[in-house]
Amino acid sequence: GAVVSQHPSWVICKSGTSVKIECRSLDFQATTMFWYRQFPKQSLMLMATSNEGSKATYEQGVEKDKFLINHASLTLSTLTVTSAHPEDSSFYICSARGWESSYEQYFGPGTRLTVT
Amino acid sequence: DQQVKQNSPSLSVQEGRISILNCDYTNSMFDYFLWYKKYPAEGPTFLISISSIKDKNEDGRFTVFLNKSAKHLSLHIVPSQPGDSAVYFCAASAHHSGNQFYFGTGTSLTVIP
């Protein structure tokens, strides 16, 4: 089946630094990738949608200059949290969708970010 | 504004019995619905889906029911097994909105052996 990986799985960084999270589709070409954020005991909140080769579309309330998304190839999307603050600490999950399905999304295992 | 709601944050069921997880939505444009299962510190895994042209979809022990007039869907797990213990999210999507999914807040299911 379709596999999506994320790296790193867990990262701790100091306040003010930037962190990059990678999302890869391992066995299919992902035309669209989604980035979600989940706070404890809350729903997955869609942050942005990115299509390969074009700029990401951000959801309302998500700062695009703070959460930089790049979808440079059909198998890789990156999320960079710039100038991280403790309130950015969260669980970030990506998902990917291929050519075959207009609905099915395959999720990565998530990245736990802790900003100290 | 939460467009997809799961009003029961937790549910406990005896092994072998039926688990019923409920989900309500507000957007009548939603035409595709999915259930995901999630373990702690892991990404969600797809469980079962249903499109708005159907009112029931069955896959093994899992059945999803859709009531469009009530804007309600439910997931039935029969028989429940301890390995089913996880957080279950329902998600909804509208074709015209680029198929972005909106998730409920999840229901934590505990199946008691």
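Predicted model, so just to flag it, every value in this text is computed and none were measured. (Residues numbered from 1 in each chain as written. Chains lettered and ligands numbered in written order. Predicted model: local features only at pLDDT ≥ 70, side-chain atom pairs only at ≥ 80, totals over all residues. Heavy atoms only, no water.)

**Some remarks on the overall build of chain A**
Filter applied, for reference: Helix and strand definitions here come from DSSP, where helices need a minimum of 4 consecutive H or I residues and strands a minimum of 2 consecutive E residues; each element is numbered from the N-terminal end. Radius of gyration here uses only the C-alpha atoms, and the compact-globule reference equals 2.2 Å multiplied by the residue count raised to the power 0.38. Exposure classes here rest on a 1.4 Å probe applied to the protein chains alone. A residue is buried below 20% of its type maximum, exposed above 50%, and partly exposed in between. Whether two residues are in contact is decided by their heavy atoms: any pair within 4.5 Å suffices. All accessible-area figures derive from a Shrake-Rupley calculation using a 1.4 Å probe, and residue coverage is judged against the displayed protein chains alone. Two residue types count as positive, namely Lys and Arg, and two as negative, namely Asp and Glu; His and chain ends fall outside the count. Working definition for charges: the position is that of NZ of Lys, CZ of Arg, CG of Asp or CD of Glu.
Scanning chain A from N- to C-terminus turns up 0 helices and 11 strands. Helices and strands in chain A line up, N terminus first, as β-β-β-β-β-β-β-β-β-β-β. The C-alpha atoms of chain A give 13 Å as radius of gyration, which agrees with the globular expectation for 116 residues (13 Å, within 12%). Taking the principal axes of the C-alpha coordinates as reference, chain A spans close to 40 × 25 × 25 Å. For chain A, buried positions account for 51% of its 116 residues. For chain A, the share of sequence-separated contacts (at least 6 apart) that also reach a separation of at least 24 residues comes to 55%. Of the roughly 5700 Å² that chain A leaves accessible, carbon and sulfur atoms contribute 53%. In chain A, which carries 10 positive and 10 negative side-chain charges, the distance between the mean positions of the two groups comes to 7 Å.

**Quick look at the overall build of chain B**
Per the secondary structure count, chain B includes 0 helices and 11 strands. When its helices and strands are written in sequence order, chain B yields β-β-β-β-β-β-β-β-β-β-β. For chain B, the C-alpha radius of gyration of 13 Å lies close to 13 Å, the compact-globule estimate for 113 residues. Seen along its three principal axes, the alpha-carbon backbone of chain B occupies a region of about 45 × 30 × 20 Å. By the burial criterion, 44% of the 113 residues in chain B qualify as buried. Taking contacts inside chain B between residues at least 6 apart in sequence as the whole, the part at least 24 apart equals 55%. Accessible surface computed for chain B: about 5300 Å², of which carbon and sulfur atoms make up 50%.

**Remarks on the sheet that holds strand β3 (residues 19-25) of chain B**
Residue and element names in this part refer to chain B. Just so we agree on the cut-off: By the convention used here, strands pair only if DSSP detects at least 2 bridges between them.
Taken together, 5 strands build an open sheet; the order of strands is β1-β3-β8-β7-β6 and the sheet is antiparallel. Each end of this open sheet is capped by a strand with a single partner; those strands are β1 (4-5) and β6 (56-59). Relative to strand β8 (residues 72-77), strand β7 (residues 62-67) is paired through 6 bridges, and the arrangement is antiparallel. In the strand pairing of β8, Asn-67 is matched with His-72.

**Observations regarding a nonpolar patch on the surface**
All names here are of chain B. Basically, it comes down to this: Residues enter patches when they are more than 30% accessible in relative terms and free of salt bridges; like-charged ones are connected within 9 Å and nonpolar ones (Val, Leu, Ile, Met, Phe, Trp, Tyr) within 5 Å. Counted as salt bridges are all cases of a side-chain nitrogen of Lys or Arg within 4 Å of a carboxyl oxygen of Asp or Glu.
On the surface, a nonpolar cluster with roughly 230 Å² of combined accessible area is contributed by Ile-18, Ile-20 and Val-78. Relative to the elements of secondary structure, Ile-20 occurs in strand β3. In this structure Ile-20 comes out as partly exposed when scored by relative accessible area, which is 37%.

**Overview of the interface of chain A and chain B**
Quick note on the threshold: By buried area we mean the combined loss of accessible area, with a 1.4 Å probe, across both parts when two parts are placed together. Counted as a polar contact is a pair of N or O atoms within 3.5 Å, where, for protein atoms, one must be capable of donating a hydrogen and the other of accepting one, and residues adjacent in sequence contribute only when both atoms are in side chains. Charged residues are taken to be Asp, Glu, Lys and Arg, nonpolar residues to be Ala, Val, Leu, Ile, Met, Phe, Trp, Tyr, Cys and Pro, and polar residues to be all remaining types, Gly included.
Residue-level contacts link 20 residues of chain A with 22 residues of chain B. Around 1600 Å² of area is buried between chain A and chain B when both sides are counted, 56% of it from carbon and sulfur atoms. For the pair chain A and chain B, the interface holds 0 salt bridges. In this assembly, chain A and chain B are joined by 1 residue pair in polar contact (both at pLDDT 80 or more). Where the side of chain A that touches chain B is concerned, the elements lending two or more residues are β4 (30-38), β5 (44-51) and β9 (90-98) of chain A. Classifying every residue of the side of chain A that touches chain B gives 9 nonpolar, 8 polar and 3 charged.

Shape is all these values report; function is a separate question.
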